[in-house]
Amino acid sequence: MKTESRRWFDIRASGSTAELLIYGDIGESWSDESITARDLVTALATITASELTVRVNSYGGSVSDGLAIYNALRRHPAVVAAVVEGVAVSIASLIVMAGDRIEMAENSLLMIHAPWGAASGNAADMREMADILDKFADAMTAAYARRLPEAEARRMLTDGADHWFTAEEALAAGLVDEITPELAIAASLPTRYRLPEHLNMTTEHKATETKPAGSKPDLQVAGGTEAGVLARIQARNDKITAMFGPMMAREEFRDILGPIQAQALADTTITPAEASRRAMAALGEGVEPLACIASIDPLTPNTSAYGLAQYGANRHVPEFQAAARDALLLRGGVPVNEPHPGARDVRGMSLLSIAESMIGHRGRTFTGDSPNAVIKAAMSTSDFPLLLADTAGKALMVGFENEPASHRIWTRETSARDFKPQKRVALSGAPGLEPILEGAEYESGALKEKGENFTLATYGKILSITRHALINDDLGGFTRVPQAFGAAGARLEADKVYALLTSNPLMADGVALFNAAHGNLVAVGSALNATTLGAARAMMRKQKGMNGGYLNPVPRFLIVPAALETTALVLIAQERMEIDEQAASGNSTTIVSDALQWIRDLIPVVDPRLDDDSATAWYLAAAPEQVDTFE
């Protein structure tokens, strides 16, 4: 038996048969719980089996990745049997269509709908996105037309509706060939274990045990035989495993329920009812009650009356929250890289509707009838406030990262764990090596060090959001305002960096940063040209470490005020043009001067904050990866 695991799919091969398990989102995703076409198709090429079973449980994802996976399965020489074991939604249902034979578990679901995407810009941009989506629909039609009339397949891919199929409905429509019963997962213990007294199949025990409607009767076994003990333990473990199965399929619940399930399977004194009680207690720990009615067993699959079917019950609250966050950001005009696949479905919902859905997704029905009561109930939970905070936080970071910040390219970013005075140590080069005579001992050497002190500071503003803003669906408080705060944070960071640079601060040795004693100050008022740049480079090259050895830094950045931007760009461009002209002449003996080479490779950094101090001062800096500069 050979098993190969790659992220969120598995390949299991044995002789002439192989299995491919597709459990997760299709394409790259924010959560890393995804199956990319590149990884899967590469792995699929290694399968030489003549029979391949593809088991699918996925809410879909990237159309392009799904098409690539579908085509790879169709090209594979093996006979492909596709099995829907949980859900096959959106592009995942198209992957299922690659099967030469298709099966669905009796309690599974399949969904087909039109491809979707997001666009920003003018009307032409929107029309271009619509045309692209139509092209995707054309490409997908042929796959579904293997099972449906082509006109029917095209209708499902263009009418904008979500077409859900139970196993029976899919069989009637011709989408699948067979419905399979739910498979029980068997587990057993070594024969040395004996069944506890309370688990013997006595009349008293059978009378008190509650059986789900339609379930098979318990095994009638002899309580004292070894076979009877194993059969009863296996039946009990099957019940616990099936009960935990739907929740354990979600990563967010594995850490909570995994230890409880393992303990229940190992300890035969724990009944299935007790295992369920412990699981419910663990899931409910730290959750505040709502003013609502009804409840739900969190180990039972369920779809809520609120929101969307694919985000039903406790098991999908994190998924809905991620989709809602990206939907709110997109509505607020904040760019989102690879939004959650469900963001399209949530994008049309108001904040009030999202609040109602998050209450419903906890398996409860809200009894209040006013928007104010809904918001109040939602804010008393952890889910809705976390959604708002997550949305604002993401908008904040987008604003911070998208704000032009010229200082980031030539400085090093670091972190500190607290607000106490910090000392950043600059290590010199290692001490020089000395010859070691035969049989002699190595002598100890030491690194000299010096340090500069700094202390963290906090800057901020408080953003208040009212109930009226939530009820009125005012997204500015969660998207545009935090985005502006993030941009302000980036500008503040740049202000501090350039203020420190132009202030020419005193260093730990009591001498100013730029000083003749440090050998790093070109004559004041020197114009920016190749000659003065050469003088600055020579000074930088001659810098020594604390042990006396040359550090030989290489100039990398030319930092100038806006007043010198044109001068710097022309200077660098002229050197590049001269080099290109010499190279184009075809004269292999032409020697390009060293000055031309290094000036050509300089990276110009322009910032108007420098103009506030001087319109003529300029700076030459090495890369922070080579030597300590600004941190």
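The structure presented is a predicted model; accordingly, all values stated were derived computationally and were not measured.

1. A few points about a nonpolar patch on the surface
A cluster of nonpolar side chains, namely L396, M397, L463, I465, V481 and F485, defines an oily patch on the protein surface of about 430 Å² accessible area. When contributions to the nonpolar patch are tallied by element, the ones reaching two or more residues are α15 (383–402) and α17 (480–503). Note on placement: M397 falls in helix α15. Using a relative accessible area of 39% as the deciding quantity, one classes M397 as partly exposed.

2. Considerations on the pattern of salt bridges
For the structure shown, the criterion picks out 18 salt bridges. Of the charged contacts in the structure, one is a salt bridge between R55 and E85, with a shortest N-O distance of 2.9 Å. One end of the pair, R55, is in strand β6 (residues 51–58); the other, E85, is in strand β7 (residues 79–89), with 30 residues separating them in the sequence. In this structure, E178 and R101 form a salt bridge, with 2.5 Å as the shortest nitrogen-oxygen distance.

3. Notes on the pairing of strand β9 (residues 109–112)
Here three bridges tie β7 to β9, and the two strands are oriented parallel to one another. Of the residues in β9, the one forming a bridge with V89 is M111. As judged from the four bridges shared by β9 and strand β10 (residues 163–166), these two strands associate in the antiparallel manner. What sits directly across from M111, in β10, is W164.

4. Topic: the sheet that holds strand β17 (residues 603–606)
In space, the three strands of this open sheet follow the order β17-β16-β18, with mixed pairing throughout. Either end of the sheet is taken by a strand with one partner, and the two such strands are β17 and β18 (619–622). Adjacent strand axes in the sheet meet at a mean angle of 30° when their direction is disregarded. Inspection of the sheet shows strand β16 (residues 555–560) paired to β17 by four bridges, in the parallel sense. In the strand pairing of β17, I559 is matched with V605.

5. Examining the packing of aromatic side chains
A full pass over the atoms with the stated rule returns three aromatic pairs. With 5.3 Å between their ring centres and 55° between their planes, W410 and F630 make a pair best called tilted. Here the residue W410 occupies a position in the loop between α15 and β14 (422–427), and F630 occupies one in the segment after β18, the gap between them amounting to 220 residues. The same class applies to W410 as to F630, namely buried. Plain terms: the ring middles of F514 and Y619 are 5.5 Å apart, the flat faces sit at 50° to each other, and that makes the pair tilted. On the criterion of sequence distance, the pair formed by F514 in the loop between α17 and α18 (530–541) and Y619 in strand β18 is long-range, its members being 105 residues apart. By way of ring pairs, the aromatic residues W410, Y498 and F630 are connected into one cluster.

6. Topic: the confidence of the model for the protein chain
On average, residues of the protein chain carry a pLDDT of 76, and 74% of them reach 70 or more. Within the protein chain, strand β12 (residues 292–293) has the poorest average pLDDT of any element, 30, and helix α3 (residues 91–96) the best, 94. Throughout residues 1–7 the model reports pLDDT below 50, and contacts reaching past four residues in sequence, or to other chains, amount to 19 contacts.

7. A word on the environment of I179
As for its position among the elements, I179 is in strand β11 (residues 178–180). According to the relative accessible area criterion, I179 is partly exposed, its value standing at 25%. A sequence separation of 95 residues divides I179 from V84, and the C-alpha atoms of the two residues are 9.6 Å apart. Contacts of I179, omitting those with residues within four sequence positions, involve M104, A105, E106, A167, E168 and L171.

8. Quick notes on the side chain of T141
Of note, T141 is situated in helix α4 (residues 123–144). Of note is the side chain of T141, whose polar atom sits 2.7 Å from the backbone oxygen of A137. Excluding residues within four positions of it along the chain, T141 makes contact with E150, A153, R154 and L157.

9. As for helix α13 (residues 351–360)
For α13, a buried count of eight out of 10 residues is recorded, marking the element as mostly surrounded by other parts of the structure. Of all the residues in α13, the buried ones are L351, L352, I354, A355, S357, M358, I359 and G360.

10. Considering α17
Here α17 is 24 residues long and its end C-alpha atoms lie 34 Å apart, about the 34 Å a rise of 1.5 Å per residue gives. Listing the buried residues of α17 in full gives P482, G486, A487, A490, A494, V497, Y498 and L501. Next to the buried residues of α17 lie α15, β16, β17 and β18. Residue N504 follows α17 closely and has a positive phi angle near 50°.

11. Overview of the environment of M156
Along the polypeptide, M156 turns up in helix α5 (residues 150–156). With relative accessibility at 5%, the residue M156 sits in the buried group. If we skip the residues at most four places from it in the chain, M156 touches I112, H113, A114, L148, A161, H163 and F165.

12. Some points on unusual backbone geometry
At S90, a position not held by glycine, the phi torsion is positive, near 60°. For S90, the position within the fold is in the loop between β7 and α3. Taking the relative accessible area as the measure of exposure, S90 reaches 13% and is therefore buried. At N504, a position not held by glycine, the phi torsion is positive, near 50°.

Definitions and limits used
- Residues numbered from 1 in each chain as written.
- Predicted model: local features only at pLDDT ≥ 70, side-chain atom pairs only at ≥ 80, totals over all residues.
- Heavy atoms only, no water.
- Patch = residues over 30% accessible without salt bridge, like charges linked within 9 Å, V, L, I, M, F, W, Y side chains within 5 Å.
- Areas by Shrake-Rupley, 256 points an atom, 1.4 Å probe, with all protein chains shown as cover.
- Salt bridge = Lys/Arg side-chain N within 4 Å of Asp/Glu carboxyl O.
- Helix = DSSP H or I, 4+ residues; strand = E, 2+ residues; numbered from the N terminus.
- Buried < 20%, exposed > 50% of the residue type's maximum accessible area, 1.4 Å probe, protein only.
- Pairing = 2+ DSSP bridges.
- Axes fitted to C-alpha atoms, helices over the stretch in contact; angles between N-to-C directions.
- Phe/Tyr/Trp six-rings, centres within 6.5 Å; stacked < 30°, edge-to-face > 60°.
- pLDDT = per-residue confidence, 0-100.
- Contact = heavy atoms within 4.5 Å.
- Polar contact = N/O pair within 3.5 Å; in protein donor to acceptor, adjacent residues only side chain to side chain.
- Expected span 1.5 Å × (residues − 1).

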